[in-house]
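Overview (structure and organization)
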Amino acid sequence: MESFSFLKIPTHNGLTMIIDKGQSPEYVEHSMRVFGKYISCAKFGWGTSAVQSEEIIMEKIEIYKKYGVKPYPGGTLFEYAFKEDKFEEFLTYCKKLGFECVEISDGSMDIDFSSKCECIRKAKEFGFIVLSEIGKKSIEEDAKIPISEKIKNLKLELESGSDFVILEGREGGKSIGLYDEKGNLKQDDLNEIVNSDIDFKKLIFEAPLKNQQIEFIMRFGNSVNLGNIAFDEVISLETLRRGLRGDTFGKIPK
Amino acid sequence: MESFSFLKIPTHNGLTMIIDKGQSPEYVEHSMRVFGKYISCAKFGWGTSAVQSEEIIMEKIEIYKKYGVKPYPGGTLFEYAFKEDKFEEFLTYCKKLGFECVEISDGSMDIDFSSKCECIRKAKEFGFIVLSEIGKKSIEEDAKIPISEKIKNLKLELESGSDFVILEGREGGKSIGLYDEKGNLKQDDLNEIVNSDIDFKKLIFEAPLKNQQIEFIMRFGNSVNLGNIAFDEVISLETLRRGLRGDTFGKIPK
Amino acid sequence: MESFSFLKIPTHNGLTMIIDKGQSPEYVEHSMRVFGKYISCAKFGWGTSAVQSEEIIMEKIEIYKKYGVKPYPGGTLFEYAFKEDKFEEFLTYCKKLGFECVEISDGSMDIDFSSKCECIRKAKEFGFIVLSEIGKKSIEEDAKIPISEKIKNLKLELESGSDFVILEGREGGKSIGLYDEKGNLKQDDLNEIVNSDIDFKKLIFEAPLKNQQIEFIMRFGNSVNLGNIAFDEVISLETLRRGLRGDTFGKIPK
């Protein structure tokens, strides 16, 4: 039972995606026991899966699944496999490890857009839940892509079968995607997304910084989907979503 | 036995308050075994208690108490209960969970000052150790309160029964309370506190950043009471208090 | 077995030194099981060893050694002992605890350079692996020492028996040593080191920030020795070294 349940605190339907940077199985287990119920999926960030042993990865996948959390390898690892012309081997191996989701991205290399969509379709054929990501890892490269093009691609990726599309924010949340160099939201870009007819339930905003989480919640409601949340910030985000921290206190309708 | 005891390192009587943002019981247990002896109290930050299960909260309270650390729920949760007109229910429930302290604050909402003092008295009647907090969570609201008023209220709260008064610093330590936008101490405000006749043993300065901890130690001695210390910084703070880190090396009298 | 081994990811010979700020034995054990294989040595930062019990320190030393990691007490603790005229007692006690390395530094106090070299020789006589450190903890003091003098001393310390020389970066990596106030590398200073005839295999650059790690890897190759790595960043650094993160993706030769 939740503690302080007599306070009748508001709830939400938002998806929270955490970033696992190589946490130990024990740390994952202990953490999930406290806040696994608030997490929908766990990204093994970028290529971190490939520098952990098969045994560790499989152990962590099992733990996450036990708590109802869907783990998946970061998009950079897909890109590495794609570059090496080993995409199908990648999918087969992810399945063997126990992953039920994969991420398809083109943040670290250029992938022909039709190839990216083809990869999304292929991953769906393999039976995966697919998250695809829009945005470049490089500040300079990312800045070259107008938001209108990102929105157009985002729609095409959903049509190709992506279950969710992730908007890039990296681990740091600055000078990338929707964020300026201080980590503040670029309002014009955000407005273009708002004014498009995209189903917000299909979007995950990477929002590692507290001010970003607050702004998304205040603008789109506490059920907005947020990603790249650090382990240490999951409980904090949950309190923000539910009006239990000063920043959103009294501002979340019951 | 302490290691390196032949070095006869200076000690201190300062109170250290940590902030628990939803750490797992195992993490708390493992950490307390290393540095629980340096901690006086552990705040379950803002409303985080209410998004952890009753079982987890009670388990953590037991662990803290086993190591001589007094846990308490953050003031924001008191305010939530107060707003819902459930203050007595809140106190009764805190007692049932095993908390021996509570925090009375008005950081997230306006509470008539006489009501705040009345809450302090009521919590004392219930048998709690009471920490009350001075300051607003909002940068704008906090800036509106002159330091002279904070000092006046602080004294009245002590008179109302507060065992300690906490000076707000939030988790971030910037643009709030005694700190400017870079996290540096506002000297004028600090001087007003120094020049008042307040018993420093009754004050806890929230000082999450290292430069703040150093400045308090250098100015008021290594027994100054400091709060909102992250788990990862407890050992570091202890070395700062004892002249075992470059910043205070050779500056702490034996 | 490494996961995703079919991707044939490049490896390296770089030394990675982590900073232990008072982590619990359990946390160390769980972490080493995941990434101990990537770590050469673990520094018990500055004087943190002296505020942990003998039992905890010995337990942690055993864990590190079990995973092939060499733990050692930070240089500040050596300086504390030196100042108290207890250097030999310090060495004897370090040996008793199980440390196989020590660090000789003069970051927090002035030590006559010939005395520093004498301490290096003495520690070697005691059978320790010796890491000596160049640089001051104080921003002002550190800035007074020209890079040419640092390079000269560095060579003399190696001649005195140091197995490795560490270039100071502190935990924060800003306004110190090779870093400017934003944590960017000072190119001129770095060039002077490059243009000297120092064996890079003998140098460890303290590089706590990601941009620093990237710059060292891109400039000196992925086998550059890097130190003051936080626990949470070990896996990330390993991916940077191996082209598995956007920042070095496609830039690490096989």
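It should be noted that the structure appears before, not after, this text.
First, a word on scope: everything that follows refers to the structure included in this document. (Residues numbered from 1 in each chain as written. Chains lettered and ligands numbered in written order. Predicted model: local features only at pLDDT ≥ 70, side-chain atom pairs only at ≥ 80, totals over all residues. Heavy atoms only, no water.)

This next bit is on the overall build of chain A. Scanning chain A from terminus to terminus reveals 10 helices and 8 strands. Its C-alpha atoms give chain A principal-axis dimensions of roughly 55 × 45 × 30 Å. Of all 254 residues assigned to chain A, the portion counted as buried reaches 63%. Counting only contacts in chain A whose residues sit at least 6 apart along the sequence, the fraction spanning at least 24 positions is 73%. Accessible area for chain A stands at about 9,100 Å²; split by element, carbon and sulfur atoms hold 50% of it. In chain A, which carries 36 positive and 43 negative side-chain charges, the distance between the mean positions of the two groups comes to 5 Å. (Helix = DSSP H or I, 4+ residues; strand = E, 2+ residues; numbered from the N terminus. Buried < 20%, exposed > 50% of the residue type's maximum accessible area, 1.4 Å probe, protein only. Contact = heavy atoms within 4.5 Å. Areas by Shrake-Rupley, 256 points an atom, 1.4 Å probe, with all protein chains shown as cover. Lys, Arg positive; Asp, Glu negative; His and termini not counted. Charge placed at Lys NZ, Arg CZ, Asp CG, Glu CD.)

The next point concerns the relation of the copies chain A and chain B. Of the transformation superimposing chain A on chain B, the axial component is 0.0 Å and the angular component is 120°, with the fit at an RMSD of 0.0 Å. Those values place the two copies in the arrangement expected of a three-fold rotation axis. The position closest to the rotation axis in chain A is occupied by the C-alpha of Tyr27(A), lying 4.6 Å away. Here only 6% of the contact residues of chain A are again contact residues in chain B; the copies associate through non-equivalent surfaces. (Least-squares fit on C-alpha atoms with pLDDT ≥ 70 in both.)

Turning our attention to the sheet that holds strand 3 (residues 70-73) of chain B. All names here are of chain B. Taking strand neighbours across the sheet as the criterion, the 8 strands line up as 3-2-1-8-7-6-5-4 in an open arrangement whose pairing is parallel. At either end of the open sheet lies a strand with only one pairing partner, and these are strand 3 and strand 4 (101-104). Taken pair by pair, the neighbouring strands of this sheet meet at an average axis angle of 25°, ignoring direction. Where strand 1 (residues 16-20) and strand 8 (residues 226-229) come together, 2 bridges link them in parallel fashion. By the bridge assignment for strand 8, Thr16 is matched with Leu226. Contacts between helix 4 (residues 87-97) and the sheet are confined to strand 3 and strand 4, with strand 4 contributing the most and set at about 150° to the helix. (Pairing = 2+ DSSP bridges. Axes fitted to C-alpha atoms, helices over the stretch in contact; angles between N-to-C directions.)

This part is about the sheet that holds strand 7 (residues 203-206) of chain A. All names here are of chain A. Strand order across the open sheet formed by 8 strands is 3-2-1-8-7-6-5-4, with parallel pairing between neighbours. The two strands at the open ends of the sheet, each matched to only one other strand, are strand 3 (70-73) and strand 4 (101-104). Sheet twist, expressed as the mean angle between neighbouring strand axes with direction ignored, is 25°. Summarising the sheet, strand 2 (residues 41-44) and strand 3 pair through 4 bridges and their orientation is parallel. Bridging across to strand 3, Ala42 finds its partner in Pro71. On top of the sheet, helix 7 (residues 147-160) reaches strand 5 (129-134), strand 6 (164-167) and strand 7; it is set at about 170° to strand 5, its chief contact. Running over the sheet, helix 10 (residues 234-241) touches strand 1 (16-20) and strand 8 (226-229) and is turned about 150° from strand 8.

What follows covers the relation of the copies chain C and chain A. Superposing chain C onto chain A takes a rotation of 120° plus a shift of 0.0 Å along the axis, which leaves an RMSD of 0.0 Å. The residues that chain C uses at the interface reappear at the interface of chain A in only 3% of cases, marking distinct surfaces.

With a phi close to 35°, Trp46(A) is a non-glycine residue in the positive phi region. Mapped onto the elements, Trp46(A) comes out in the loop between strand 2 and helix 2 (54-66). Of the residues examined, Trp46(A) reaches a relative accessible area of 7% and is grouped as buried. One non-glycine residue, Asn228(B), adopts positive backbone phi at about 55°. Residue position: Asn228(B) is located in strand 8. In this structure Asn228(B) comes out as buried when scored by relative accessible area, which is 4%.

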